[in-house]
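Fold and contact review
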Amino acid sequence: MLEGTTSEIRERKALRVNPAKTCQPIGAMYAALGINGCMPHSHGSQGCCAYHRSQLTRHYKEPVVATTSSFTEGASVFGGMANLTTALDNIFTIYDPKMVAVHTTCLSEVIGDDIPMIIAKAKKDGKIPEDKIVIHTNTPSFVGSHVTGFSNQCASTIKYLSKSSGETKNVVNLFPGWVEPADMREIKRLAGAMGLDYILFPDTSDVLDSPQTGYYKMYPDGGTTLEQLEAMGDSFQTIAMGPLCSQAAAEQLEKQCNVPAKVIDLPIGLKATDAFIDALRVAGDVSVPEEIDKERGRLVDMISDMSQYFHQKKVALFGDPDHLISMTQFLVDVGMTPAIVVTGTPGKKFERRIHEICADTNPDVVALAFSDIHYLHQWIKQNPVDLLMGNTYGKFVARAEKNLPFIRFGFPILDRVGHRAFPTVGYAGALRLLEKITDAFFDLRDRNDSDENVELVL
Ligand code: SF4
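Predicted model only: the values in this text are computed from it and were never measured.

Things to note about the overall build of the chain
What the chain contains, in helices and strands, is 18 helices and 13 strands. Over its C-alpha atoms the chain spans a radius of gyration of 23 Å, differing by no more than 12% from the 23 Å that the globule rule assigns to 458 residues. With the principal axes as the frame, the chain shows a C-alpha extent of 80 × 55 × 45 Å. Buried residues in the chain amount to 53% of all 458 residues.

Rendered as structure tokens:
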């Protein structure tokens, strides 16, 4: 496996091997699926849309609807206005969504289609029914990564839809960032347990984990509703989780409707969940209920029970910046040593945050933005680690580095199912992560220890 990967690291300027990111539109598609009754629309050639839908389906094991402008060579030269106008006409006639959220691909970005103008003309020409809505975001795939696309879709949705009536309501907006449907459900559960009225946006719970009823629903029951999207402008505060995914949307709402924004890390692990609960506590001027206190206590108990197995274990991680920042902090909190942390998403801020988090325990941590899994693998060959964490593509590295324990974490996970059903956010999610880590270490021991060293009790 990966025999071509040598331990000798050569400087690469142009070649990318096994990227730790994908392109913007898939993030915009995922965010749009978190809007109730919304059809994501990819303005470009149809290959992008097919790839993004299939990648989301492989990850969530659910149908993923999206339409495309299906550019041909002619549209690539003369512009995609006719394609988008025809698409909107067909979408509303055949699929009848409440809303269409248009995003772009590198093709339509390179030719420079003016999407707002095309939408306005389609509306004027009666191609968009009076009671329907079309919004858009620009998602050039040569800028940033899939998380940038998620962020752009969220910010643009607010720009189009959120309004301030002038009357502030006792409601808090929660922007969860790019997390799993089960995570969104857990965030809602925690906010509910704290007694807050909230609006979660986007919300893919009950969209990408909808129950099997025997009937196919093109637009499942979940998703943030249009009424909620409009009403977000009247909330008294926004709590935005994960700066890369949620900050732009929170700032847009602050600028547009004067809703103050508080940006925190994704609530993965002990400290980041504490920060989330505290943000809810302060926002709602409430006390933390005993139920949540106990959940936290159970997590701390597990950390102390198992600390001897975590102590100074070296970890290599790759994935998306918001996930990695919280996960790195959590590993440090339980006594482990993040050794190399790699994201494919560009941005020096990520590298600074990882160095800050590891300053006391491992000042030599390697933190790299805009890098790839090939580099991570070569580095591991020179500096062996005890654990690898990342998306499905890490399994090849784990296999190549015989017996390297590997935990699937982030997007995409194409070869396991639990990520969609069980949260990694909150204290409950942190418990699950610790269970996975200890299981990975114990499985390795059970497999490799000599007969006389196999322990019944660990
Ligand atoms: S990089 Fe461009 S062409 Fe490739 S899938 Fe993304 S948007 Fe489409």
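This is not the end of the story, as more comes after the structure.
Regarding unusual backbone geometry
Most of the time, phi is negative for any residue but glycine, and the peptide bond is trans. In this chain, Phe201 is followed by Pro202 through a cis amide linkage whose omega measures -10°. With an omega of 0°, the peptide bond running from Phe411 to Pro412 counts as cis. Positive phi, normally seen in glycine, also occurs at Asn258, with a value near 65°. If you trace the backbone, Asn258 turns up in the loop between helix H10 (243-257) and strand E8 (261-264). Its relative accessible area of 67% is what places Asn258 among the exposed residues.

Concerning the domain arrangement of the chain
As assigned here, the chain comprises domain 1 (24-144), domain 2 (169-213 + 220-288) and domain 3 (293-453). Taken over C-alpha atoms, the centre of domain 1 sits 36 Å from the centre of domain 3. Across the interface of domain 1 and domain 3, roughly 820 Å² is buried in total on both sides, 61% from carbon and sulfur atoms. Contact with domain 3 buries area across many residues of domain 1, yet Gln55, His59 and Lys61 alone supply 59% of it, more than any other trio. Viewed at the interface, domain 3 and domain 1 are joined by one salt bridge. Here Glu62 and Arg420 are joined by a salt bridge, their closest N and O atoms 2.9 Å apart. Summed over the shared surface of domain 1 and domain 3, the number is six residue pairs in polar contact (both at pLDDT 80 or more). Per-element tally for the side of domain 1 that touches domain 3: the top contributor is helix H2 (residues 46-60), with five residues. Class assignment of the residues belonging to the side of domain 1 that touches domain 3 gives a composition of three nonpolar, three polar and three charged.

Overview of helix H11 (residues 270-284)
What sets the pattern is the α-helix's 3.6 residues per turn: residues three or four places apart point alike. Its 15 residues give H11 an end-to-end C-alpha distance of 21 Å, which sits within 8% of 21 Å, the value for a rise of 1.5 Å per residue. The set of residues buried in H11 consists of Leu270, Ala272, Thr273, Phe276, Ile277, Ala279, Leu280 and Ala283. Immediately downstream of H11, the backbone of Asp285 shows phi near 50°, a positive value.

Focus on a negative patch on the surface
Side chains of Glu435, Asp439, Asp443 and Asp446 sit close together on the surface and give a patch of like negative charge. Tracing the backbone through its elements, the reader meets Asp446 in helix H18 (residues 426-448).

A short note on the nonpolar core
Counting residues in each nonpolar core, the largest one holds 112 residues, and the members touching the most others are Leu174, Phe276 and Phe330. No other element matches H18, which puts eight residues into this core. When near neighbours in sequence (up to four residues on either side) are disregarded, Phe276 contacts Leu174, Ile187, Leu190, Ile239, Met241, Ile264 and Pro267. Counting 17 residues, the second largest nonpolar core, distinct from the first, contains Ala339, Val366, Trp379 and Val385.

Overview of the packing of aromatic side chains
Using the criterion set out here, one finds seven aromatic pairs in the structure. Following the ring pairs from residue to residue traces out a cluster consisting of Tyr30, Tyr60, Phe150, Trp178 and Phe411. Here Arg16 stacks its cationic end above the ring of Phe370, 4.7 Å away from the centre of that ring. One cation-aromatic arrangement involves Lys313 over Phe441; the distance from NZ or CZ to the ring centre is 5.4 Å.

Some details on helix H15 (residues 373-382)
Where burial is concerned, most of H15 is hidden: seven out of the 10 residues are buried. Turning to H15, its buried residues are Ile373, His374, Leu376, His377, Gln378, Trp379 and Ile380. Elements in contact with the buried residues of H15: strand E9 (314-319), strand E10 (337-343), strand E11 (366-368), strand E12 (387-390) and helix H16 (394-400).

With respect to the packing of helix H8 (residues 181-193) against helix H12 (residues 290-310)
Following both chains from N to C, one finds H8 and H12 inclined at 130°, their axes separated by 9 Å at the closest point. It follows that H8 is oblique to H12 by the angle criterion. On H12, the residues that touch Glu186, Arg189, Leu190 and Ala193 of H8 are Glu291, Ile292 and Glu295. Class assignment of the residues belonging to the contact of H8 with H12 gives a composition of three nonpolar, no polar and four charged.

Section: the sheet that holds strand E3 (residues 99-104)
In spatial order, the strands read E2-E1-E3-E4; together these four strands make up an open sheet with parallel pairing. The sheet is open, and its two edges are formed by strand E2 (67-68) and strand E4 (133-137), each paired on a single side. Along the sheet, helix H4 (residues 81-95) makes contact with strand E1 (38-43), E2, E3 and E4, crossing E1 at roughly 155°.

How each quantity is defined
- Residues numbered from 1 in each chain as written.
- Predicted model: local features only at pLDDT ≥ 70, side-chain atom pairs only at ≥ 80, totals over all residues.
- Heavy atoms only, no water.
- Helix = DSSP H or I, 4+ residues; strand = E, 2+ residues; numbered from the N terminus.
- Rg over C-alpha atoms; globule rule 2.2 N^0.38 Å.
- Buried < 20%, exposed > 50% of the residue type's maximum accessible area, 1.4 Å probe, protein only.
- Domains from an automatic or database assignment.
- Buried area = accessible area lost by both parts, 1.4 Å probe.
- Salt bridge = Lys/Arg side-chain N within 4 Å of Asp/Glu carboxyl O.
- Polar contact = N/O pair within 3.5 Å; in protein donor to acceptor, adjacent residues only side chain to side chain.
- Nonpolar A, V, L, I, M, F, W, Y, C, P; charged D, E, K, R; others polar.
- Expected span 1.5 Å × (residues − 1).
- Patch = residues over 30% accessible without salt bridge, like charges linked within 9 Å, V, L, I, M, F, W, Y side chains within 5 Å.
- Areas by Shrake-Rupley, 256 points an atom, 1.4 Å probe, with all protein chains shown as cover.
- Lys, Arg positive; Asp, Glu negative; His and termini not counted.
- Charge placed at Lys NZ, Arg CZ, Asp CG, Glu CD.
- Core = buried A, V, L, I, M, F, W, Y, C linked by side-chain atoms within 4.5 Å.
- Contact = heavy atoms within 4.5 Å.
- Phe/Tyr/Trp six-rings, centres within 6.5 Å; stacked < 30°, edge-to-face > 60°.
- Lys NZ or Arg CZ within 6 Å of the ring centre and 35° of its normal.
- Axes fitted to C-alpha atoms, helices over the stretch in contact; angles between N-to-C directions.
- Parallel < 35°, antiparallel > 145°, perpendicular 65-115°, else oblique.
- Pairing = 2+ DSSP bridges.

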